[in-house]
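Observations on the model geometry
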Amino acid sequence: LSVETGGIYFSVHPNRDMRHAVSRQETATLSAHLKYFFDPDVMRKYRPDYVSDAEYQKLLNENKARQSLVQAAAQPGWITPLSGPALHFPKRDDADLARKLTEAQKAAAKLEPVIGGLYSTLKVGESDRPRLDSPRWEAGYDLAMGRVLAAKVRTEAYNAMLAKAKTMKFKNPKNDTWDLEPADTIDVGSALEKDAAKAKEYLGRVVADHPGTPWAMLAAKELETPLGWQWKERYTGVNAPRPEMGNGTPPPPADDKANM
């Protein structure tokens, strides 16, 4: 309405001048808690294209990067990265470990084609990315590609590392547990290494070219999490015999009332 009537609108939130993450304690009574605010002078050049639907469709048809970004955003369902993956694998025996690893792989295997489909949609527009002439479209496309590639690498590398563990042997024979930890190295294929480098390139460009914007903030957070994984081994006593209770004497009676 402001644009179509030749006017402007103002942000009147009391915290609008804060340039740090705002806590609830800093939020005034009866004001919405918004965690982040961005400098309006910086954000002015990132305004959306306030045009008619016909003009907007023309913008999309003129550039595959714009078109693929909108198509990716319109895909049904909410795509989330691998959440809460299993990372600890005590080994009772070979069969037990293989079963645990296979079960953990199911979540990654289910997510891989979804992420792959999203990446394929965005990749169609990659050739037209250099022809984008708007900071908003540039930041949006680069962030989307960077995050999708990062999710793709983490998920596929996780799956590959679990498969690799099925034939691994402990360096120390006393150890009995494998722990999977995030790492900057990727040793499960050169293709994933290339995807990881590409993800960092896209995300790094967002941080460098669009400082002080929501896109740069999200890209920086994505870069904080490593893209690869590494195995660590340790001893947890999963196969150690349990101590017996005395010399056959029954355990003392439970005294829950006294403990309370």
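Quick notes on the rules
- Residues numbered from 1 in each chain as written.
- Predicted model: local features only at pLDDT ≥ 70, side-chain atom pairs only at ≥ 80, totals over all residues.
- Heavy atoms only, no water.
- Helix = DSSP H or I, 4+ residues; strand = E, 2+ residues; numbered from the N terminus.
- Rg over C-alpha atoms; globule rule 2.2 N^0.38 Å.
- Buried < 20%, exposed > 50% of the residue type's maximum accessible area, 1.4 Å probe, protein only.
- Axes fitted to C-alpha atoms, helices over the stretch in contact; angles between N-to-C directions.
- Parallel < 35°, antiparallel > 145°, perpendicular 65-115°, else oblique.
- Contact = heavy atoms within 4.5 Å.
- Nonpolar A, V, L, I, M, F, W, Y, C, P; charged D, E, K, R; others polar.
- Phe/Tyr/Trp six-rings, centres within 6.5 Å; stacked < 30°, edge-to-face > 60°.
- Lys NZ or Arg CZ within 6 Å of the ring centre and 35° of its normal.
- Patch = residues over 30% accessible without salt bridge, like charges linked within 9 Å, V, L, I, M, F, W, Y side chains within 5 Å.
- Areas by Shrake-Rupley, 256 points an atom, 1.4 Å probe, with all protein chains shown as cover.
- Salt bridge = Lys/Arg side-chain N within 4 Å of Asp/Glu carboxyl O.

Regarding the overall build of the protein
Helix and strand counts for the protein stand at eight helices and three strands. Helices (α) and strands (β) of the protein occur, in sequence order from the N terminus, as α-α-α-β-α-α-β-α-α-β-α. Against the compact-globule benchmark of 18 Å for 260 residues, the protein has a radius of gyration of 26 Å, which places it well outside the compact range. By its C-alpha atoms, the protein is 90 × 55 × 30 Å across when sized along the principal axes. Looking at the protein as a whole, 33% of its 260 residues are labelled buried.

What about the packing of helix H3 (residues 64–73) against helix H4 (residues 94–123)?
It is the contact of H3 with H4, at a shortest axis distance of 7 Å, that shows an interaxial angle of 155°. In terms of their interaxial angle, H3 and H4 are classed as roughly antiparallel. Judged by residue contacts, Ser68, Leu69, Gln71 and Ala72 of H3 engage Leu118, Thr121 and Leu122 from H4. When its residues are assigned to classes, the contact of H3 with H4 shows four nonpolar, three polar and no charged.

Some words on the packing of aromatic side chains
Geometrically, a pair of aromatic rings is defined through the distance of the ring centres and the angle of the planes. Per the counting criterion, the structure on display carries seven aromatic pairs. Linked through ring pairs, Phe89, Phe170, Trp178 and Trp231 together constitute an aromatic cluster. For the cation-ring pair, Lys152 lies above Tyr119, with the distance from its terminal atom to the ring centre recorded as 5.6 Å.

Quick look at a nonpolar patch on the surface
A cluster of nonpolar side chains, Val3, Tyr9 and Tyr50, forms an exposed patch at the surface whose accessible area comes to about 370 Å². If you trace the backbone, Tyr50 turns up in the loop between helix H1 (40–43) and helix H2 (53–62). The exposure class assigned to Tyr50 is partly exposed, which follows from its relative accessible area of 45%.

Some points on unusual backbone geometry
Although it is not a glycine, Leu30 adopts a positive phi angle of roughly 70°. Residue placement: Leu30 occurs in the segment before H1.

Quick look at the environment of Val114
As for its position among the elements, Val114 is in helix H4. You can call Val114 partly exposed: its relative accessible area is 37%. When the C-alpha positions of Val114 and His13 are compared, they lie 39 Å apart, and in sequence the two are 101 residues distant.

Treat this as a map of the structure, not an account of what it does.
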